[in-house]
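Report on the structure
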Amino acid sequence: MKNYSIPMMALAVLSGCANLQQLDSTLTQIKNVASQQQGSAGVGQSTTVPVGRLGDGTGYQPQFNITVPAKNCRKNVPLDQQAYIDGFKDKYVSVWDQFIVAHDSDPGSGLIPGLEKVHARAKFFKAYFIGMDEVSVIQHGTKYARDVTDSNLGQMCLTASYGQGEIDGWALVNENEQQLLLAAPK
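Reference entry: report on the structure contained in this document.

The rules we used
Residues numbered from 1 in each chain as written. Predicted model: local features only at pLDDT ≥ 70, side-chain atom pairs only at ≥ 80, totals over all residues. Heavy atoms only, no water. Helix = DSSP H or I, 4+ residues; strand = E, 2+ residues; numbered from the N terminus. Buried < 20%, exposed > 50% of the residue type's maximum accessible area, 1.4 Å probe, protein only. Contact = heavy atoms within 4.5 Å. Phe/Tyr/Trp six-rings, centres within 6.5 Å; stacked < 30°, edge-to-face > 60°. Lys, Arg positive; Asp, Glu negative; His and termini not counted. Salt bridge = Lys/Arg side-chain N within 4 Å of Asp/Glu carboxyl O. Core = buried A, V, L, I, M, F, W, Y, C linked by side-chain atoms within 4.5 Å. Disulfide = S-S within 2.5 Å. Expected span 1.5 Å × (residues − 1). Polar contact = N/O pair within 3.5 Å; in protein donor to acceptor, adjacent residues only side chain to side chain.

**So, the overall build of the protein**
Scanning the protein from N- to C-terminus turns up six helices and four strands. The linear arrangement of helices and strands in the protein, starting from the amino end, is α-α-β-β-β-β-α-α-α-α. In the protein, which comprises 186 residues, the share counted as buried stands at 30%. Counting contacts in the protein only where the partners sit at least 6 residues apart, residues at least 24 apart contribute 63% of the total.

**Some details on the packing of aromatic side chains**
Where two aromatic rings form a pair, the distance of their centres and the angle of their planes describe that pair. Across all of its chains, the model carries twelve aromatic pairs by this definition. Judged by centre distance (6.3 Å) and plane angle (10°), the rings of F88 and Y92 are stacked. Taken together, the residues F88 and Y92, both in helix α3 (residues 81-103) and four residues apart, mark about one turn of the helix. Of the two residues, F88 and Y92, both sit in the buried class. A network of ring pairs unites the aromatic residues Y60, F64, Y84, F88, Y92, W96, F99, F124, F125 and Y128 as a single cluster.

**Some remarks on the environment of A171**
Mapping A171 onto the fold places it in helix α6 (residues 153-183). Separated by 79 residues in sequence, A171 and Y92 place their C-alpha atoms 8.6 Å apart.

**Considerations on the side chain of D104**
Mapped onto the fold, D104 is located in the loop between α3 and α4 (116-126). Although buried, D104 forms no salt bridge, and the nearest oppositely charged side chain, K126, lies 5.0 Å from it. For D104, the residues in contact, after removing those within four places along its chain, are A122, F125 and K126.

**Comments concerning unusual backbone geometry**
With a phi close to 60°, N76 is a non-glycine residue in the positive phi region. Judged by its relative accessible area of 56%, N76 is exposed.

**Here we look at the nonpolar core**
Generally speaking, a soluble globular protein has its nonpolar side chains buried in company with each other. Grouped together as the largest cluster of nonpolar side chains are 23 residues, with contacts concentrated most on I66, Y92, W96, F125 and L180. Sorting the residues of this core by element identifies β1 (47-53), β2 (63-68), α3, α4 and α6 as the ones contributing at least two each. Top contributing element to this core by residue count: α3, with nine residues. Residues within four places of Y92 in sequence aside, it is in contact with L54, P62, F64, I130, G169, L172, V173 and N176.

**Description of the state of the cysteines**
Taken as a whole and judged by the stated rule, the model has one disulfide. In this model, C73 is linked to C157 through a disulfide, with the two sulfur atoms separated by 1.8 Å. When the S-S torsion is -75°, as for the bridge of C73 with C157, the disulfide is left-handed. One end of the pair, C73, is in strand β3 (residues 72-74); the other, C157, is in helix α6, with 84 residues separating them in the sequence. A relative accessible area of 7% means that C157 is categorised as buried.

**Concerning α3**
The α-helix winds at 3.6 residues per turn, so residues separated by three or four positions along the chain end up facing the same way. The end-to-end C-alpha distance of α3 is 33 Å, a good match for the 33 Å that 23 residues give at a rise of 1.5 Å each. Two or three places before Q82, at the opening of α3, D80 has a side-chain oxygen 3.3 Å from that residue's backbone nitrogen.

**Observations regarding the side chain of K91**
Here K91 shows up in helix α3. One buried charged residue, K91, forms no salt bridge at all, with the nearest opposite charge on E166 at 4.5 Å. Setting aside its immediate chain neighbours within four residues, K91 contacts E166 and W170.

Listed below in structure tokens is the structure:
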């Protein structure tokens, strides 16, 4: 049985909506509801997995969903979601924290004449430090390490999934670093 509530809701919205911005927002909501009703993604489709917060709670905690790509680690075997997410998070947090540490050189209290702007910039960057649980990164590195005999196909898939997550995490963190640089006090 098909669900006709979405088209009916769209028709009701379209007939009574004069504000184009509201219309755009409503259509986006309808699209999101429709995509949720289509069910989970099958083989060959990307899936978005919420990961919650990153880091270990010692600082800034970004929150976003990670889209696990529809790639295969071998014929008809999709990437392992958890391995991909672990690789993404590990790489994102470690590269981000290195970036923050490189930009948070604080000359002192901010009361030093001539260094107020430098202090404000350092304070701005320090506020975005994530903090990382190094133990979990070591555990992930061991868990997803390559099987040197190449005889364990399941392990090869885990390793490939973790590696792809690291690549994609690195790409996103570079974009986010550039955005933070633009927002930082000059």
